[in-house]
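Residue strings, one per chain:
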Amino acid sequence: EPEVTQTPSHQVTQMGQEVILRCVPISNHLYFYWYRQILGQKVEFLVSFYNNEISEKSEIFDDQFSVERPDGSNFTLKIRSTKLEDSAMYFCASSYRGNEQFFGPGTRLTVL
Amino acid sequence: EDQVTQSPEALRLQEGESSSLNCSYTVSGLRGLFWYRQDPGKGPEFLFTLYSAGEEKEKERLKATLTKKESFLHITAPKPEDSATYLCAVQPDYGNNRLAFGKGNQVVVIP
């Protein structure tokens, strides 16, 4: 069964460093998303991406964040200058029609 | 602002003891309501989508129902492998498909 994959599973970085989180969505899906979950809190929407552009972003998704679909299979989230409060699980999700969203296993980001 | 409240936050069940989880929501227009299962350290796993009041969906020991203000996830005769956090999310009919999640119902099924 097709699934969303994410790499790395765990990323440790120093405050102020740039990180890139990578995702491979399900191959025939058209809509792509990033969410995050701070430990013990709810899953929060960051950004949605369709037709090679951002279709919606939350207030969390400020100028430090960017997304890219560099080729036909990868979808990345970049954080330019990480802060301690960016420590969280980051989930990529994809959807064929924009309704059911299928999530990847997540990348645990730890900012020291 | 879209709000999703799930209760109870945590639930311990004996194996075979059926129960229901509640998801109350406030959204100006609902495109869909989704239930996910999340195991510790893992991503949410899609279970059901409900689109309109009165709709019901079933999968093994789980049944989801929807009214205009809330959704229930019924667990019938649970087994230890049903232990997980169950997440409810709403998708408003405005915006671009974002999901707004509740904090989840943490279920532990004791053998």
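Residues numbered from 1 in each chain as written. Chains lettered and ligands numbered in written order. Predicted model: local features only at pLDDT ≥ 70, side-chain atom pairs only at ≥ 80, totals over all residues. Heavy atoms only, no water.

Participant: Can you walk me through a nonpolar patch on the surface in this structure?
Facilitator: Taken together, the side chains of A:L30, A:Y50 and A:Y96 make up a nonpolar region of the molecular surface, amounting to roughly 300 Å² of accessible area. Among the secondary structure elements, A:Y96 is positioned in the loop between β9 (88–95) and β10 (102–103). (Patch = residues over 30% accessible without salt bridge, like charges linked within 9 Å, V, L, I, M, F, W, Y side chains within 5 Å. Areas by Shrake-Rupley, 256 points an atom, 1.4 Å probe, with all protein chains shown as cover. Salt bridge = Lys/Arg side-chain N within 4 Å of Asp/Glu carboxyl O. Helix = DSSP H or I, 4+ residues; strand = E, 2+ residues; numbered from the N terminus.)

Participant: Could you clarify how one ought to interpret the interface of chain B and chain A in this entry?
Facilitator: Frequently, the measure chosen for interface size is the accessible area removed from exposure when the parts meet. At the junction of the two partners, chain B supplies 21 residues and chain A supplies 22 residues. Carbon and sulfur atoms make up 53% of the surface buried where chain B meets chain A, a total of about 1,700 Å² over both sides. Here B:R98 and A:E56 are joined by a salt bridge, their closest N and O atoms 2.5 Å apart. Counting across the chain B and chain A interface gives eight residue pairs in polar contact (both at pLDDT 80 or more). Secondary structure elements with two or more residues in the side of chain B that touches chain A: β4 (30–38), β5 (45–50) and β9 (84–92) of chain B. It is β4(B) that contributes the most residues to the side of chain B that touches chain A, three residues altogether. Looking at side-chain class alone, the side of chain B that touches chain A contains nine nonpolar, nine polar and three charged residues. (Contact = heavy atoms within 4.5 Å. Buried area = accessible area lost by both parts, 1.4 Å probe. Polar contact = N/O pair within 3.5 Å; in protein donor to acceptor, adjacent residues only side chain to side chain. Nonpolar A, V, L, I, M, F, W, Y, C, P; charged D, E, K, R; others polar.)

Participant: Mind showing me how you'd approach the nonpolar core here?
Facilitator: Nonpolar side chains tend to gather and get buried jointly when the protein is soluble and globular. Grouped together as the largest cluster of nonpolar side chains are 24 residues, with contacts concentrated most on B:L21, B:L33, B:W35, B:L73 and B:Y86. For this core, the elements supplying multiple residues, two or more each, are β2 (10–14), β3 (19–26), β4, β5, β7 (62–66), β8 (70–75), β9 and β11 (105–110) of chain B. (Core = buried A, V, L, I, M, F, W, Y, C linked by side-chain atoms within 4.5 Å. Buried < 20%, exposed > 50% of the residue type's maximum accessible area, 1.4 Å probe, protein only.)

Participant: Looking at this model, I keep getting lost on the pairing of β3(B). Mind explaining?
Facilitator: Residues in a regular strand point their side chains to alternate faces of the sheet. Note that strand β1 (residues 3–7) of chain B and β3(B) share five bridges and pair antiparallel. In the sheet register, B:V4 faces β3(B), and the bridge partner there is B:Y25. (Pairing = 2+ DSSP bridges.)

Participant: Please clarify how the sheet that holds strand β7 (residues 65–68) of chain A should be interpreted in this entry.
Facilitator: Strand-to-strand pairing in sheets goes through backbone hydrogen bonds, with the strands running parallel or antiparallel. Residues and elements named next belong to chain A. The strand order across the open sheet formed by four strands is β1-β3-β8-β7, and the pairing between neighbours is antiparallel. Since the sheet does not close on itself, it has two edges, and those belong to β1 (5–7) and β7, each with one partner. When the angles between neighbouring strand axes are averaged without regard to direction, this sheet yields 20 degrees. (Axes fitted to C-alpha atoms, helices over the stretch in contact; angles between N-to-C directions.)

Participant: Explain the state of the cysteines to me, please; I cannot follow it from the model alone.
Facilitator: In a disulfide, the sulfur atoms of two cysteines are held together by a covalent bond. Residue and element names in this part refer to chain B. Within the structure shown, the criterion is met by two disulfides over all chains. Across the disulfide, C23 is cross-linked to C88 (sulfur-sulfur distance 2.0 Å). Handedness of the C23-C88 disulfide follows from its S-S torsion of about -65 degrees: it is left-handed. Taken together, the residues C23 in strand β3 and C88 in strand β9 connect sequence positions 65 residues apart. By relative accessible area, C23 is classed as buried at 0%. Take C88: its relative accessible area is 0%, and that puts it in the buried class. (Disulfide = S-S within 2.5 Å.)

Participant: Honestly, the pattern of salt bridges in this entry has me stumped. Any pointers?
Facilitator: Residues and elements named next belong to chain B. Taken as a whole, this structure holds seven salt bridges over all chains when the rule is applied. Two residues, K63 and E56, come together in a salt bridge whose shortest N-O distance is 3.6 Å. Overall, the relative accessible area of 49% leaves E56 in the partly exposed class. R61 is the salt-bridge partner of D82, the closest N and O atoms lying 2.8 Å from each other. Here D82, found in the loop between β8 and β9, pairs with R61, found in the loop between β6 (56–59) and β7; they are 21 residues apart in sequence, far enough to count as distant. Comparing D82 with R61, the two get one shared label, buried.

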